[in-house]
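Each chain is listed here by its residues.
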Amino acid sequence: MQMRDNPTMTGARRVRSLKRTTSKSTPHIRYVPEEVPCAFVYNGTTHAVMLASPTDLEAFALGFTLSEGIVTSREDIESVEIVTHDAGIELRLWLTTEPADQLATRRRFMAGPTGCGLCGIESLEAAIPHCPKVSVGLTTHIDEIAQAVAALAPAQALNRQTYAVHAAGFWTRDEGLVAIAEDVGRHNALDKLIGHLAIQGTAFFGGILVMTSRVSVELIQKAARVGMPVIAAVSAPTHLAITASDAAGMTLVAIARDDAFEVFTHGHRIRDLRSIAACESDNHGA
């Protein structure tokens, strides 16, 4: 996979504001996150446009393409080109023949015979695609969950500047936090992380995915597609995310703090964890 024309962007912009305290108003300077449209263009055709931080763009291109199931391997991407415009950024990817043909077929299906998209039950089913099973037998420990969560905040350089971006990290027992990505969007942060891991050649099944955000169903879908077995997040999951995680066989940990966390699905992967069976049975019927 060839990559070229990588622009250097920081993801933060210096701005002026007026800071008001209880006693006075003073001029103030702070950093705020950049947010720009990023278009994913496959073999010359635009597939999607995301609002994202303009950093780690090659990883973003690769991770999104993997997590959306457009390709199953990095080798399916022949080249990536980053092209900047006044209005935003194009992520131009050229795919090998088979995934390119499959994507073209998907586009025709989504367009529908009337050209206005799918209707009724078909569109509802398309909004919540099936998650593949994550069957890898990774086991972890309650202390390792805490270590993984604690490692994320110190590595969030962009958030220290802006206090306004999400992060996704990947923690392993042997190496600790092996990769981190930050973005204004939590889905984008996960895509960038997946891209970094693919570039590094890190096995997706070998560690814990750590997120700063709430856990929505899209995050579960993306993690399941690449085979991540454990996700730990500092915020809460949605009910649909719990349902999807359970069906995919993923261990879902959320509301994670230094001294506590909650396990919602498949707690069998976490050693020294007690009383999880009742939690899981309750979630099946909730």
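Note that the structure is a prediction, hence the values are computed from the model and not measured.

Novice: Describe the overall build of the chain, listing the residues and the values that go with them.
Specialist: For the chain, the helix and strand inventory stands at nine helices and 15 strands. Within the chain, buried positions represent 45% of all 286 residues. Expressed as a percentage of contacts within the chain between residues at least 6 apart in sequence, the contacts between residues at least 24 apart total 51%.

Novice: Could you give an account of the sheet that holds strand β9 (residues 166-172), naming the residues involved and the relevant values?
Specialist: Pairing within the open sheet is mixed, and its six strands lie in the order β10-β9-β11-β12-β13-β14. The open sheet terminates on both sides in strands that have one partner only, identified here as β10 (176-183) and β14 (262-265). On average, each strand axis in the sheet is tilted by 20° relative to the strand beside it, whichever way the strands run. Relative to strand β13 (residues 251-254), strand β12 (residues 230-233) runs parallel, the two being bridged by three bridges. Bridge pairing in β13 links isoleucine 231 to leucine 252.

Novice: Quick rundown of the side chain of aspartate 76? Include the residues and the values.
Specialist: With respect to the helices and strands, aspartate 76 occurs in the loop between α1 (57-67) and β6 (77-84). Arginine 106 is the oppositely charged side chain nearest to the buried, salt-bridge-free aspartate 76, at an N-O distance of 11 Å. Sequence-distant contacts of aspartate 76, defined by excluding residues within four places in its chain, comprise Val71, Trp94, Leu95, Thr96 and Pro99.

Criteria and thresholds
- Residues numbered from 1 in each chain as written.
- Predicted model: local features only at pLDDT ≥ 70, side-chain atom pairs only at ≥ 80, totals over all residues.
- Heavy atoms only, no water.
- Helix = DSSP H or I, 4+ residues; strand = E, 2+ residues; numbered from the N terminus.
- Buried < 20%, exposed > 50% of the residue type's maximum accessible area, 1.4 Å probe, protein only.
- Contact = heavy atoms within 4.5 Å.
- Pairing = 2+ DSSP bridges.
- Axes fitted to C-alpha atoms, helices over the stretch in contact; angles between N-to-C directions.
- Lys, Arg positive; Asp, Glu negative; His and termini not counted.
- Salt bridge = Lys/Arg side-chain N within 4 Å of Asp/Glu carboxyl O.

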